[in-house]
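Spelled out, the chains give:
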Amino acid sequence: MVQNHHRGCHRQDHHGTVGENKEKRPKFFINDHVDILIEILKRLDCRSLCVAASVCRLWCTIARYDSLWENLCFRHVSPPPSSVRSVVLALGGYKRLYMGCVRPVRSRLGRIRKASWARDEVQLSLSLFCVDYYERLGGGGNSNGRLVGESSPSSLRFLCKPVNV
Amino acid sequence: MVLYDSSTLAGSISGSSSSSSKPPPFPLQREQQQDIDGHLAGAGYKVRSSELRKVAQRLERLETAMVNSPADLSQLASDTIHYNPSDLASWVDSLLSEFALNPTCPYEFVTDPVTNRTVVNDSWTTTATNMPLVHQDVSYEEQSLNNKLPIVTAMEEDSGIRLVHMLMTCAECVQCGDFTLATSFLEDMQGLLTQINTVCGIGKVAGHFIDALSRRIFQGIGGGSIDGGSAFENEILYHHFYEACPYLKFAHFTANQAILEAFVGHECVHVVDFNLMHGLQWPALIQALALRPGGPPLLRLTGIGPPSPDGRDSLREIGLRLAELARSVNVRFAFRGVAASRLEDVKPWMLQVNPKESVAVNSIMQLHRLLGSGPNRNSPIETVLSWIRSLNPKIMTVVEQEANHNQPGFLDRFTEALHYYSTMFDSLEACSVQPDKALAEIYIQREITNVVSCEGSARVERHEPLAKWRTRLSGAGFRPLHLGSNAYKQASMLLTLFSAEGYSVEENDGCLTLGWHNRPLIAASAWQAVPDAPAEFPAPDTHRPS
């Protein structure tokens, strides 16, 4: 879908620059309608969203909006309570939550996916995310080097391990 | 490719066992009278009970050979001669013989733990005539030494089994006080260790137990330098143990879930943590309280921990971090640190519990340290449990190792510890992240050393199984709270995230246990103070206030 948009842009540009159609203005250029663009990008999956981020500067900026990643996190879940947003933003934002916790949790649990677990997956991801934030607090803020062995937060490392099949 | 006729092979198997030059010693003579194994017979296979291990080893070899040489496999698959698989021993032998690669192991001997000592240093090619050997596979032995498959050879397996036998015998000598014999066993075991792989498996665990035994024999029973390891080191090892395997994560998440459910509807809550460490348990609880329907309560956390040397207030640092986290998520939070080197030194007034708040007591693998009784005092567990009860906690979460390491007899304790820690090391094998794994092993090794080589007040790792804790806690005036399906669901999900496939969560009458391949290793339970007077000494006509 992203590729079509991209080609669509180009086609419009081409028509615009080639002299023969210069009376006919392009009907639709997606970058002029940022709200529609956001609506579309909101519905992408993670990989497409990352690809979209490399299309142009505008798309890159939009792909970084946390609200898009919020949709990704809560896609399969009924709308979460509104207090979740402030907590997640305080802990580092939805993109970080998704990339660090929700995505690996979902892919690991996808093996034995039960439909009723979707909400619990998100809750578990949030808890793990919070532990990770706590560790990030420790790494940066400790001047004594007390936790010298933990220069990088490691509580999520087990999620990054390759899965034994 | 020569295809062996299954009947001749079967004949050769039973034939060679009866026609070996020396009359085989007692295990083999009984073989002729042993029946076909009952379980396998039910599945349609006829295997002699005495040959079970041998057949199992051959099946493993067959599997490895098939995996390593797929070309041969396709040839094998295209043959239309089918051997009778119900005679499993001969079937697997005949299949093995069709592979070009020869398995490495020449020996499948029945070991006799007492006479083994004389053959520890024999090289592979000598078949010691005083050993009961079963020469089934002469052709394999001759060609085996050049092709080495990367599997645990049966030789190593048997060395491992011999090592275990020796460990038990050595422990028995220690229990009887025969230290001379025990020392000689130790030397033999050290020698045997060089022959097997000590990087993983039984060799590694055995190495730790051998170290612990030698510490006990040579340094005496108070000599364990476990508490000599600084609190700082302990915290680092604990942290890596937290990363490497799911036991602590399971403990934290389960306890948090129970505490969360107990605090529903309460606005002023106070959590007492018996071992704060890095406070890794509490971020998740703070976040869950922040998101609970109705908004977060006022949370007070009292963390107990050992005093830190050189003036640093590590408890306060952790408290500050937790406070910053709580502030970010808008939870009103207050922290208090109580520095005490032993849990029995803590008095309830130090916790400053407000009568209007709901209290939760959290003990992750701390209560067992109170079970030791000195020469002039009773075990402090009674005192501590009674002051916990006097706080009237809404919930007390107890997580303990599911093992019986507090038996008075040394040999029983040793055996139990060997099984328990072997299982735990097995589960650790699945962790592939260094340095977590290596440091987690050191953490476990310290426990092993304490269980095996210390006595009296030096031995703090006095694990008891869940059943005993149930009795003890019920007797002290607590009643169990069921952990609920949410905790179970969360624990199952957490385990699935760990990439190893062997972990299992089980529900045990309201408590959850986490185990490796169905051996429970850690048990989590929740308790509540019984509001009435404890039933230990029911006063017939007076009503004691709770």
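These figures come from a predicted structure and were not determined experimentally. (Residues numbered from 1 in each chain as written. Chains lettered and ligands numbered in written order. Predicted model: local features only at pLDDT ≥ 70, side-chain atom pairs only at ≥ 80, totals over all residues. Heavy atoms only, no water.)

## A word on the overall build of chain A
- Each helix and strand in chain A was counted, giving nine helices and zero strands.
- Listed by position from the N terminus, the elements making up chain A come as α-α-α-α-α-α-α-α-α.
- The burial tally for chain A puts 40% of its 165 residues in the buried class.
- Summarising the internal contacts of chain A: among those between residues at least 6 apart in sequence, 62% fall at separations of at least 24.
- Just so you have it, chain A exposes about 9,200 Å², and 53% of that area is on carbon and sulfur atoms. (Helix = DSSP H or I, 4+ residues; strand = E, 2+ residues; numbered from the N terminus. Buried < 20%, exposed > 50% of the residue type's maximum accessible area, 1.4 Å probe, protein only. Contact = heavy atoms within 4.5 Å. Areas by Shrake-Rupley, 256 points an atom, 1.4 Å probe, with all protein chains shown as cover.)

## Some thoughts on the overall build of chain B
- Secondary structure summary: chain B contains 19 helices and nine strands in total.
- Per-residue burial over chain B gives 54% buried out of 546 residues.
- Considering only contacts in chain B between residues 6 or more positions apart, those separated by 24 or more positions represent 75%.
- Surface accessibility of chain B: about 23,800 Å² in total, with carbon and sulfur atoms responsible for 54%.

## A short note on the UniProt feature "domain: F-box" (unreviewed entry) in chain A
- Under the present numbering, the feature "domain: F-box" (unreviewed entry) in UniProt falls on residues 34-72 of chain A.
- From the first C-alpha to the last, residues 34-72 of chain A spans 19 Å; its make-up is 74% helix and 0% strand. (UniProt positions renumbered as here; feature names shortened; annotations may be inferred.)

## Points about the pairing of strand E8 (residues 511-516) of chain B
Residue and element names in this part refer to chain B.
- Most of E8 sits out of view: six of its six residues are buried.
- Residues of E8 alternate between two faces, with Cys511, Thr513 and Gly515 on one and Leu512, Leu514 and Trp516 on the opposite face, all of them buried.
- Note: strand E7 (residues 503-508) against E8, six bridges, orientation antiparallel. Paired with Val505 across the two strands is Leu514, which belongs to E8.
- Hairpin connection between E7 and E8: a loop of two residues separates the two successive antiparallel strands, and Asp509 in this loop has a positive phi of roughly 55°. (Pairing = 2+ DSSP bridges.)

## Looking at the pattern of salt bridges
All names here are of chain B.
- Counting across every chain of the model gives 20 salt bridges over all chains.
- The partner of Glu455 in a salt bridge is Arg413, and the shortest N-O contact between them spans 2.6 Å. You can see Glu455 sitting in the loop between helix H17 (436-453) and helix H18 (466-475) and its partner Arg413 sitting in helix H16 (residues 410-429), a full 42 residues away along the chain. Like Glu455, the residue Arg413 is buried in the burial classification.
- A salt bridge links Arg472 to Glu464; the nearest nitrogen and oxygen atoms lie 3.1 Å apart.
- The exposure class of Glu464 is buried, given its relative accessible area of 4%.
- A cluster of three or more residues bridged by salt bridges with shared partners is formed by Lys204, Glu429, Lys437 and Glu441. (Salt bridge = Lys/Arg side-chain N within 4 Å of Asp/Glu carboxyl O.)

## So, unusual backbone geometry
Residue and element names in this part refer to chain B.
- Positive phi, close to 55°, is recorded for Met277, a residue that is not glycine.
- Structurally, Met277 can be placed in the loop between strand E1 (268-273) and helix H13 (282-290).
- Of the residues examined, Met277 reaches a relative accessible area of 17% and is grouped as buried.

## Brief notes about the confidence of the model for chain A
- Of all residues in chain A, 66% attain a pLDDT of 70 or more, and the chain-wide mean is 73.
- Per-residue pLDDT stays below 50 along residues 12-19 of chain A; that stretch engages in four contacts with residues further than four places along the chain or on separate chains. (pLDDT = per-residue confidence, 0-100.)

## Brief notes about the domain arrangement of chain A
All names here are of chain A.
- Under the domain assignment used here, chain A contains domain 1 (30-64) and domain 2 (66-138).
- When each unit is reduced to the centre of its C-alpha atoms, the spacing between domain 1 and domain 2 is 21 Å.
- With 12 residues of domain 1 at the contact, the number on the domain 2 side is nine residues.
- Interface of domain 1 and domain 2: buried area, both sides summed, is about 840 Å²; carbon and sulfur atoms make up 63% of it.
- If you sort the residues of domain 1 by the area they bury against domain 2, Lys42, Cys46 and Arg64 come out on top, with a joint share of 54%. (Domains from an automatic or database assignment. Buried area = accessible area lost by both parts, 1.4 Å probe.)

## Examining the nonpolar core
- Counting 143 residues, the largest nonpolar core has B:Phe209 and B:Tyr247 as its most contacted members.
- A total of 11 residues in this core trace back to one element, the largest contributor, which is helix H8 (residues 118-141) of chain A.
- B:Tyr247 has contacts with B:Phe241, B:Met424, B:Ser427, B:Tyr503, B:Leu514, B:Trp516, B:Leu521 and B:Ile522, leaving out every residue within four places of it along the chain.
- B:Met350, B:Val361, B:Leu370 and B:Ile381 belong to the second largest nonpolar core, which has 28 residues in total. (Core = buried A, V, L, I, M, F, W, Y, C linked by side-chain atoms within 4.5 Å.)

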